[in-house]
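# Descriptive structure summary
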Amino acid sequence: MLLNPNHLQRKYPDRRSGEIMAATVEFFESRGKARLKADDHDRVWYSDFLDFIARERIFASLLTPSQYGTSRHGDCRWDTYRISEFAEIVGFYGLSYWYPFQVTALGLGPIWMSENSDAKRKAAAQLEAGEVFAFGLSEQAHGADVYQTDMVLTPSPGGRTGWVANGEKYYIGNANVARMVSTFGKIAGGPAQDDEYVFFAADSRHERYDLIKNVVNSQNYVANYALRDYPVSEADILHRGPGAFHAALNTVNVCKYNLGWGSVGMCTHAMYEAITHASTRRLYGTVVTDFSHVRRLLTDAYLRLVAMRLVATRACDYMRSASAADRRYLLYSPLTKAKVTGEGERVMTALWDVIAAKGVEKDTFFETVTREIGLLPRLEGTVHINVGLLAKFMPNFLFAPDAALPVIGRRDEAADDAFLFAQGPTGGLGKVRFHDWRAPFESYGHLPNVALLREQIDVLAEMLAAATPDAAQQRDVDFAFAVGQLFAVVPYAQLILEEAGLSGVDPALLDEIFGVLVRDSNAYAVELHDKQATTDEQGRFAMRMLRRPAHDPARSDQVWKEYVLPMGGAYRMRP
């Protein structure tokens, strides 16, 4: 159910994809854990990793749409199915290696979405040459607030064509070396004109590009850079006007999905270490994994981690099936970003409660993950922002299913996900339609905890219909987040059930996962009940949601013995 780098199992229709994954694993395993940890602690810039990426043409293969692939090998395509496994593998070996991949993908977004064919050909050539890219959106004063920017383009002096750019960007990964930094700003309007949004490509090697500093204390270079009278020609322009605004948001729509896979990879490696340690250690004359609380913590961590992977896997099918008529991905991408990464933090807390002080030992991979796992829920928009985004889909998702939408199967074919770079204008999220979430619940309604969660969801839907949050409550971020947390469980559970059918998940394992979701929904319901803004009627509905999970000792013992405990010793990174 989980990644084991020594036994890669994902199937591809082409040889090249499997070779990329195997080569990436071999790169890390041949370096060994001691070198990995030493570079982490010494904050070594990962030039050897980027050299490997260039030599093996990995970013060129994975991140170049086939239309612009310059390789004679014909292996270039933007295929979310194989990108997701690569994100999981590099996450497995550390966020510092996942990160340059993620920010390269972000930097390419505005380029592949552009109508500037020359810029696309240039990007494809630079990918073949092994270059990385950067996404110059956020600023120190505004964060990633796309509505505001202090990067301003003004007409070139002396009557020359083009513009000069002035301003700073902050928290921009890869911006120390990227030859194309997709930079968001605005073109200053005249006295009778408004400013106009713009995306343009800047080069970190240009003399007018001032690399001020690295803003983080890690292997990554997360830059603060300034453009000072930086010349911008028409050839550098990627988007102007509303198109630049849409490109910023649409790029994040595509790439925030990768954060879920980064979290899955990191937690999987940490789990191997934790269970291996606990299963070989005796305290008070007892093997640690024989303590009841340890067994519960490890089982909960395993169930959450498997659920994370099932959700991210199924969401991939909707990302690849996206079209102007099917925008379900706009829910499932932020769901993966917000909930999968948040669950990653819970997995690590449970594992750390098991291995305790071992979790801070400098030669463990676990120590790295404890420092880094909290970053993922807080990149590409906070959890509050992304859960708030999910709420925009709630009415149609719960109350207005569209039977005309196609049933999506496994999307693992070798093909470009072309629509992701042709999403068009953003907005209209309240009009996005979904298939009936009840169908997978009915297919698995014989499982006790699946049935209990369905009852909780029915009460939630009843509350939203009979005691609908008023306008003031909907503006109250704290209250809206509590409702959003309850709602997020619904599509999360739906994706788990859909993927369970495609992957053939053991019903015992599946029902144990849903026991965790029932407990989570109880906690979210109590939190909603206790909010200051919650009305008495809404509070009564919240208490009606509470359910005691269906406990089955035989089933729990089966999951422990067949799935959780065998992870002990199943993988150890080469020393």
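Now for a description of the structure that goes with this document.

What counts and how
Residues numbered from 1 in each chain as written. Predicted model: local features only at pLDDT ≥ 70, side-chain atom pairs only at ≥ 80, totals over all residues. Heavy atoms only, no water. Axes fitted to C-alpha atoms, helices over the stretch in contact; angles between N-to-C directions. Helix = DSSP H or I, 4+ residues; strand = E, 2+ residues; numbered from the N terminus. Parallel < 35°, antiparallel > 145°, perpendicular 65-115°, else oblique. Left-handed = near helix turned anticlockwise from the far one by under 90°. Contact = heavy atoms within 4.5 Å. Nonpolar A, V, L, I, M, F, W, Y, C, P; charged D, E, K, R; others polar. Phe/Tyr/Trp six-rings, centres within 6.5 Å; stacked < 30°, edge-to-face > 60°. Buried < 20%, exposed > 50% of the residue type's maximum accessible area, 1.4 Å probe, protein only. Lys NZ or Arg CZ within 6 Å of the ring centre and 35° of its normal. Arc of directions from axis to C-beta. Polar contact = N/O pair within 3.5 Å; in protein donor to acceptor, adjacent residues only side chain to side chain. Expected span 1.5 Å × (residues − 1). Core = buried A, V, L, I, M, F, W, Y, C linked by side-chain atoms within 4.5 Å. Salt bridge = Lys/Arg side-chain N within 4 Å of Asp/Glu carboxyl O.

### Here's the deal with the packing of helix 9 (residues 257-279) against helix 12 (residues 365-372)
One can describe the packing of helix 9 onto helix 12 by two numbers: an axis separation of 9 Å at closest approach and a directional angle of 140°. Relative to helix 12, helix 9 is oriented oblique. Where helix 9 crosses over helix 12, the handedness of that crossing is left-handed. Between helix 9, through Met 266, His 269, Ala 270, Glu 273 and Ala 274, and helix 12, the contact on the second element is made entirely by Phe 365, Phe 366, Val 369 and Glu 372. Classifying every residue of the contact of helix 9 with helix 12 gives 6 nonpolar, 1 polar and 2 charged.

### What about the environment of Phe 481?
Structurally, Phe 481 can be placed in helix 18 (residues 477-503). When the C-alpha atoms of Phe 481 and Met 319 are compared, they prove to be 25 Å apart, with 162 residues separating the residues in sequence. Ignoring sequence-local partners within four residues, the contact set of Phe 481 consists of Val 383, His 384 and Val 387.

### Section: the packing of aromatic side chains
Tallied over the full model, the rule gives 35 aromatic pairs. Summarising the aromatic geometry, the rings of Tyr 329 and Phe 419 are spaced 6.1 Å apart at their centres and angled 90° between planes, so their arrangement reads as edge-to-face. Here the residue Tyr 329 occupies a position in helix 11 (residues 329-355), and Phe 419 occupies one in the loop between helix 14 (394-399) and helix 15 (438-443), the gap between them amounting to 90 residues. Across the pair, exposure class does not vary: Tyr 329 and Phe 419 are buried alike. Summarising the aromatic geometry, the rings of Trp 437 and Phe 441 are spaced 5.6 Å apart at their centres and angled 85° between planes, so their arrangement reads as edge-to-face. Taken as a pair, Trp 437 and Phe 441 share a single burial class, namely buried. Clustering of aromatic rings is evident, with ring pairs tying together Phe 27, Phe 28, Trp 45, Tyr 46, Phe 49, Phe 52, Phe 92, Tyr 93, Tyr 97, Tyr 272 and Tyr 571. In this arrangement the basic side chain of Lys 339 is found over the ring face of Tyr 492, its NZ or CZ atom lying 5.2 Å from the centre.

### Focus: helix 21 (residues 553-564)
Regarding helix 21, the residues found buried are Arg 555, Val 559, Trp 560, Tyr 563 and Val 564. Within helix 21, the buried residues cover an arc of 140° as seen down the axis, which keeps them to one side. Summarising the geometry of helix 21, the exposed residues directed more than 90 degrees from the buried face are Pro 553, Ala 554 and Lys 561. Residues of helix 21 that are buried in the fold lie against helix 9, helix 10 (292-320), helix 16 (448-466) and helix 19 (507-530). Of the residues that open helix 21, the one with a side-chain oxygen 3.1 Å from the backbone nitrogen of Ala 554 is Asp 552.

### Considerations on helix 1 (residues 15-31)
Here helix 1 contains 17 residues, and its C-alpha end-to-end distance of 25 Å stays within 8% of the 24 Å for a straight helix at 1.5 Å per residue. Within helix 1, burial applies to Arg 16, Ser 17, Ile 20, Met 21, Thr 24, Val 25, Phe 27, Phe 28, Glu 29 and Arg 31. Where helix 1 is buried, its residues contact helix 2 (33-42), helix 3 (47-55), helix 4 (58-63), helix 5 (80-92) and helix 6 (95-112). Just downstream of helix 1 lies Gly 32, where phi reads positive at about 85°.

### Details of the packing of helix 5 against helix 9
The N-to-C vectors of helix 5 and helix 9 enclose an angle of 40°; their axes lie 7 Å apart at closest approach. The pairing of helix 5 with helix 9 is recorded here as oblique in orientation. Taken as a pair, helix 5 and helix 9 cross one another with a handedness that is right-handed. Where helix 5 approaches helix 9, its residues Thr 80, Ile 83, Ser 84, Ala 87, Glu 88, Gly 91 and Phe 92 are matched on the opposing element by Tyr 257, Asn 258, Trp 261, Gly 262, Val 264, Gly 265, Met 266, Thr 268, His 269 and Tyr 272. For the contact of helix 5 with helix 9, a count of residues per class yields 8 nonpolar, 8 polar and 1 charged.

### Some remarks on the nonpolar core
Formed by 174 residues in total, the largest nonpolar core has its most connected members in Phe 49, Trp 78, Phe 86, Trp 112, Leu 351, Ile 496 and Phe 514. Considering each element in turn, this core owes the most residues, 17 residues, to helix 10. When sequence neighbours within four positions are dropped, the list of residues in contact with Phe 514 reads Phe 441, Asn 449, Val 450, Leu 453, Ala 493, Ile 496 and Leu 497. Grouped together as the second largest cluster of nonpolar side chains are 21 residues, Ala 175, Tyr 209, Ala 223 and Leu 227 included.

### Here's the deal with the pattern of salt bridges
Tallied over the entire structure, the rule returns 49 salt bridges. A salt bridge links Lys 37 to Asp 40; the nearest nitrogen and oxygen atoms lie 3.9 Å apart. Of this pair, Lys 37 and Asp 40 both sit in helix 2, separated by 3 residues, roughly a single helical turn. Each member of the pair, Lys 37 as well as Asp 40, is classed as buried. The structure contains a network of salt bridges with shared partners spanning Asp 14, Arg 77, Asp 79, Arg 82, Arg 320 and Asp 417.

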